[in-house]
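Topology and contacts: notes
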Amino acid sequence: MKIKLKEMGNSLFFSLIGIAAILILWTLGVKFTSVGLLLPTPLEVLQRMAYTFSNAIGRELTLPMHLAVSLRRVVIGFSLASVCGVVLGIAMGRFRMVEAVCKPLFELVRPIPSVAWIPLAIVWFGIGETAKTFIIFMAGFVNIVVNTYAGAKQVDENMLGVAYMLGANEIQAFFHVVIPSCVPYIFAGMQVGLSTCWMAVLAAEMVSSTEGIGWTITAGQENGDMTQIFVGIIAIAVVGLLLAVLMRWAERVLCRWRVRGK
Amino acid sequence: MSETRKTVIECKHVSKTFYSMAGDNLVVSDLNFNVYENEFVVLFGPGQCGKSTILNLISGLESPTGGEIVVSGEKVSGPSPKRGMVYQTTNLFMWYTVMQNVEFGPKMQGVPKKIRRERAQKYIDLVGLNGFENQFPVKLSGGMQQRVGIARAYANEPELICMDEPFGHLDAQTRYLMEEEVERISNTARRTVVFVTNNAEEAIYLADRIILLHNCPTSVHKEYTVDLPRPRDYTSPEFLALREQITADMDNTL
């Protein structure tokens, strides 16, 4: 236990050294070389970030408000993708008929990157929220279906037999055996799905939007405002990281039964 | 004596063939035996002789290709909560706690929460897992997991409990301990038990009656009534004599 703590302390120490080294190199590069023409210093980025917490980027929205706009889009698209993805994944994994019909279609859709849907989404749904929801949906949906399907395929048939022997009917066996043994797979899919949704919202916003964190980056590009671009990128990274942490935490709570030891 | 006892299982000319492209495989042939109420019967035979198949037939997970099996006057036609099963590997619901595993059967049959909790608790206490109700199986040792499996089968209060080499995967020490436990449990909560094993010691320690099976295709070779006083002593001369006899008879079946 002691050794473990020490190891953790060490790896944290080296991670911090890595980050610090980049920040120092960045600052030195900006101050003393021609890179300074292309980049703001980390401190400038940080100051701008603090400034945009209370001052608008663009017409009226502050940085947190732009983030909230993007997050809202992700939550809607991701939730729809989760519901539809889990239903289709389980149906494909448990019913031969559904598998036979949907799997080839799905395998065709699967390799299409979510940005490839942007032009189609704009033609179909215009430049409003529906188009963005559609793009985000497609990004998350594919990952969630793939993983849920894999989970539904590996359900232990013996365990279904156990449930029947104990008096469960088919519906009960489905909810008490099939679903719980898919949950870890569903979560794996949702984890990947959420991060691809977060990437997709940015792509969608960069193409057509008047608000959202993706838009702040394109707006920065149009105004030649490097600091604003960096503020956007860093905000994206931090929120992406927080989303991943949130998903991992949810998994730990919901999949407690898989954890050995205390 | 058996004339006055209620018959729980009647196997009548049971046979089972597995059909496949590679050829038909006759696993059980003309199997006949009865099991009476509250009797502890051990099906004993060499490995790979279709003992588990017999349990699957009794439990209804598979159906015989010839003859019939009648349990409590009803022909077996599919799985039923009236027949409990303890498996070779524990087969617990890993996503449910000990309590949720044990109360699973009653819950599926709509027994109200308060009653099924009490009943589950009774059997959790009986198998000695008091205090582990809210643990997940992954945190329990192999022996403890098998206890949960036993409690889960008993909590459904079936007419008949089948145990399929439940201690086959345990180490020798735990195995002795679990044999004592099963002896104690089946004395406290009397049930008809059909127990499958390929371990002669285990068979003699637990059984009221041992049915020695032939190897492929499986049928009854010989029966022994074990009337040594309980709990039995593995090292008593009578125990060892019976063990010698059964082992010799088993060699003849090969």
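Heads up: these notes are all about the structure in this document. If you're wondering where the values come from, they're calculated on a predicted model, not measured in any experiment. Along each chain, numbering runs from 1 in the same order as the chain's sequence is written. As a convention, the first chain written is A and the first ligand written is 1, with the rest following in written order. Selection of residues for local features in this predicted model requires a pLDDT of at least 70, selection of side-chain atom pairs for listing and counting requires 80 or more, and totals for whole chains, interfaces and linings are taken over all residues. The basis for every side-chain value is the complete set of heavy atoms in the structure, and neither hydrogens nor water enter the calculation.

1. A look at the pairing of strand E10 (residues 220–225) of chain B
Formally: DSSP bridges decide pairing: two strands pair if at least two such bridges lie between them. Comment: elements are numbered from the N terminus, with helices defined as DSSP H or I runs of at least four residues and strands as E runs of at least two.
Two strands pair when backbone bridges link them, and strand E9 (residues 209–213) of chain B and E10(B) are joined in this way by 5 bridges, in the antiparallel orientation. Within the sheet, the bridge partner assigned to B:Arg209 lies in E10(B) and is B:Thr225.

2. Overview of empty space enclosed by the protein
Cut-off, in case you're wondering: Detection works on a 1 Å grid of protein atoms alone, calling trapped sets that fit a 1.4 Å probe cavities and calling open sets with protein on both sides within 12 Å along at least five of seven lines pockets, with lining residues defined by an atom within 4 Å of a point. Grid points are joined across faces, edges and corners, and a volume is the space filled by probe spheres set on the points.
The final tally for this structure, using the stated rule, is 1 cavity of 30 Å³ or more. By volume, the largest cavity amounts to about 40 Å³. Around the largest cavity, the lining residues are A:Val162, A:Met165, A:Leu166, B:Met85, B:Tyr87, B:Gly149, B:Arg152 and B:Ala153. Only helix H7 (157–165) of chain A together with helix H5 (142–155) of chain B provide two or more residues apiece to the lining of the largest cavity.

3. Remarks on the nonpolar core
Which entries qualify depends on this criterion: We define the nonpolar core as a collection of buried residues of types Ala, Val, Leu, Ile, Met, Phe, Trp, Tyr and Cys that are connected through side-chain atoms lying within 4.5 Å of one another. Summary of the burial criterion: residues with accessible area below 20% of their type's maximum are buried, those above 50% are exposed, and those between are partly exposed, where the area comes from a 1.4 Å probe applied to protein chains only. Residue contacts are counted whenever heavy atoms from the two residues lie within 4.5 Å of one another.
Ranked by internal contacts, the top residues of the largest apolar core, which has 100 residues, are A:Trp198, B:Ile9, B:Phe33, B:Ile58, B:Ile69 and B:Phe93. It is helix H8 (residues 170–207) of chain A that contributes the most residues to this core, 15 residues altogether. Leave out the neighbours within four places in its chain, and B:Ile58 touches B:Ile9, B:Phe33, B:Ile69, B:Val71, B:Val76, B:Arg83, B:Leu160 and B:Cys162. Residues B:Phe40, B:Val42, B:Leu126 and B:Ile185 belong to the second largest nonpolar core, which totals 48 residues.

4. Section: a nonpolar patch on the surface
All names here are of chain A. As a reminder of what qualifies: Patch construction takes residues with relative accessible area above 30% that form no salt bridge. Like charges are linked within 9 Å, and nonpolar side chains (Val, Leu, Ile, Met, Phe, Trp, Tyr) are linked within 5 Å. Only the protein chains shown count as covering a residue, and every accessible area follows the Shrake-Rupley method with a 1.4 Å probe. Here a salt bridge means any side-chain nitrogen of Lys or Arg lying within 4 Å of a carboxyl oxygen belonging to Asp or Glu.
Among the surface-exposed residues, Leu-12, Leu-16, Ile-19 and Leu-23 lie close enough to one another that they form a single nonpolar patch of about 390 Å² accessible area. In this structure, Leu-16 sits in helix H1 (residues 2–32). For Leu-16, a relative accessible area of 51% corresponds to the exposed category.

5. Focus on the pairing of strand E3 (residues 40–44) of chain B
All names here are of chain B. E3 sits mainly inside the fold: 5 of its 5 residues count as buried. With burial as the criterion, each face of E3 is covered, one bearing Phe-40, Val-42 and Phe-44 and the other bearing Val-41 and Leu-43. Both E3 and strand E8 (residues 192–197) contribute to a ladder of 5 bridges, which runs parallel. Among the inter-strand pairings, Leu-43 is bridged to a residue of E8, identified as Val-196. Bridge count for E3 against E9 is 4 bridges, and the pairing is parallel. Paired with Val-41 across the strands is Arg-209, a residue of E9.

6. A closer look at the sheet that holds E10(B)
All names here are of chain B. For the record, the criterion: Lines fitted to C-alpha atoms define the axes, with helix axes restricted to the stretch in contact, and inter-axis angles between N-to-C directions lie between 0 and 180 degrees.
The strand order across the open sheet built from 6 strands is E6-E7-E8-E3-E9-E10, with neighbouring strands paired in mixed fashion. The open sheet has two edge strands with one neighbour each: strand E6 (83–86) and E10. Taking each pair of neighbouring strands and ignoring which way they run, the sheet shows an average axis angle of 20 degrees. Contacting E6, strand E7 (160–164) and E8, H5 crosses the sheet at an angle of about 180 degrees to E6.

7. Structural notes on the packing of aromatic side chains
Spelled out, the test is: For Phe, Tyr and Trp, where Trp contributes only its six-membered ring, two rings pair if their centres lie within 6.5 Å, and the inter-plane angle classes them as stacked under 30 degrees, edge-to-face over 60, or tilted in between.
Counted according to the given criterion, the structure contains 21 aromatic pairs over all chains. With 5.3 Å between their ring centres and 90 degrees between their planes, A:Phe174 and A:Phe175 make a pair best called edge-to-face.

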